[in-house]
Amino acid sequence: VSLALLICVTSGVTLGYIVTKTPSVINIFKPVLYEDLVIQKVVEHPFGSSYKIPEDLEFDFKINLGSGYAENTVVKTTQGEKKVDSDHCIILTVKPGESKKIENLLIGTTVTVEEISDRAGFTVKDGAIKIHTIERGENKVTYINKYEPSPVVPVNLTVSGTKELKN
């Protein structure tokens, strides 16, 4: 609201008069909403439930956050703070059976997630690139890799030697 105020001082008394008035301004509050994105990794294999996946096995994911995230913008993740590169991307590393989270992404952001690890015997089900738009509520992208080991090639060895017996 914009007002012009005329102030008069007469005989020690101060009087104020509103001289002009503009129409009321209505402010509409639009909250900016954020949600997290969870990236989950699952590995399927033919070895049964007792098989333990090696702990050093990791998969890298390139996450494109779109033009709303400029170069050098800092994004919080469960792997610490990551700086967005010139292509609007960050890299996260996820182990099988684990999840990593990117925190506080603007609702409506379209995120492209791509598994960029090339591991022998591992094939991504449903494609290596997934596109997800951040919405209110749970946002999760799950990658399932199927592991098929290479066939074992039999090796024929000829062993020769001398055996010596001692008393």
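Residues numbered from 1 in each chain as written. Predicted model: local features only at pLDDT ≥ 70, side-chain atom pairs only at ≥ 80, totals over all residues. Heavy atoms only, no water.

1. Some words on the pattern of salt bridges
Part 1: Under the criterion given, the structure shown has 7 salt bridges.
Part 2: Two residues, glutamate 115 and lysine 41, come together in a salt bridge whose shortest N-O distance is 2.7 Å. With a gap of 74 residues between them, glutamate 115 in strand S9 (residues 110-115) and lysine 41 in strand S3 (residues 34-44) connect regions that are remote in the sequence. Assigned by exposure class, glutamate 115 and lysine 41 land together as buried.
Part 3: Put simply, glutamate 164 and lysine 166 hold a salt bridge, and the shortest N to O gap is 3.9 Å.
Part 4: With relative accessibility at 73%, the residue lysine 166 sits in the exposed group. (Salt bridge = Lys/Arg side-chain N within 4 Å of Asp/Glu carboxyl O. Helix = DSSP H or I, 4+ residues; strand = E, 2+ residues; numbered from the N terminus. Buried < 20%, exposed > 50% of the residue type's maximum accessible area, 1.4 Å probe, protein only.)

2. Describing the packing of aromatic side chains
Part 1: Following the criterion strictly, the structure yields 5 aromatic pairs and no others.
Part 2: Ring centres of phenylalanine 47 and tyrosine 51 lie 4.8 Å apart, and the angle between their planes is 50 degrees; this geometry places the pair in the tilted category.
Part 3: Judged by its relative accessible area of 35%, tyrosine 51 falls in the partly exposed class.
Part 4: Here the aromatic rings of phenylalanine 47 and tyrosine 147 are separated by 6.1 Å at their centres, their planes lie at 50 degrees, and the arrangement is tilted. On the criterion of sequence distance, the pair formed by phenylalanine 47 in the loop between S3 and strand S4 (59-64) and tyrosine 147 in strand S12 (residues 140-147) is long-range, its members being 100 residues apart.
Part 5: Residue classification places phenylalanine 47 among the partly exposed positions, given a relative accessible area of 37%.
Part 6: One aromatic cluster in this structure is built from Phe47, Tyr51, Phe59, Phe122 and Tyr147.
Part 7: Across from the ring centre of phenylalanine 59, 4.2 Å away, lies the NZ or CZ of lysine 41, which sits over that ring.
Part 8: Above the plane of the ring of tyrosine 143 lies lysine 130, whose end atom (NZ or CZ) is 4.8 Å from the centre. (Phe/Tyr/Trp six-rings, centres within 6.5 Å; stacked < 30°, edge-to-face > 60°. Lys NZ or Arg CZ within 6 Å of the ring centre and 35° of its normal.)

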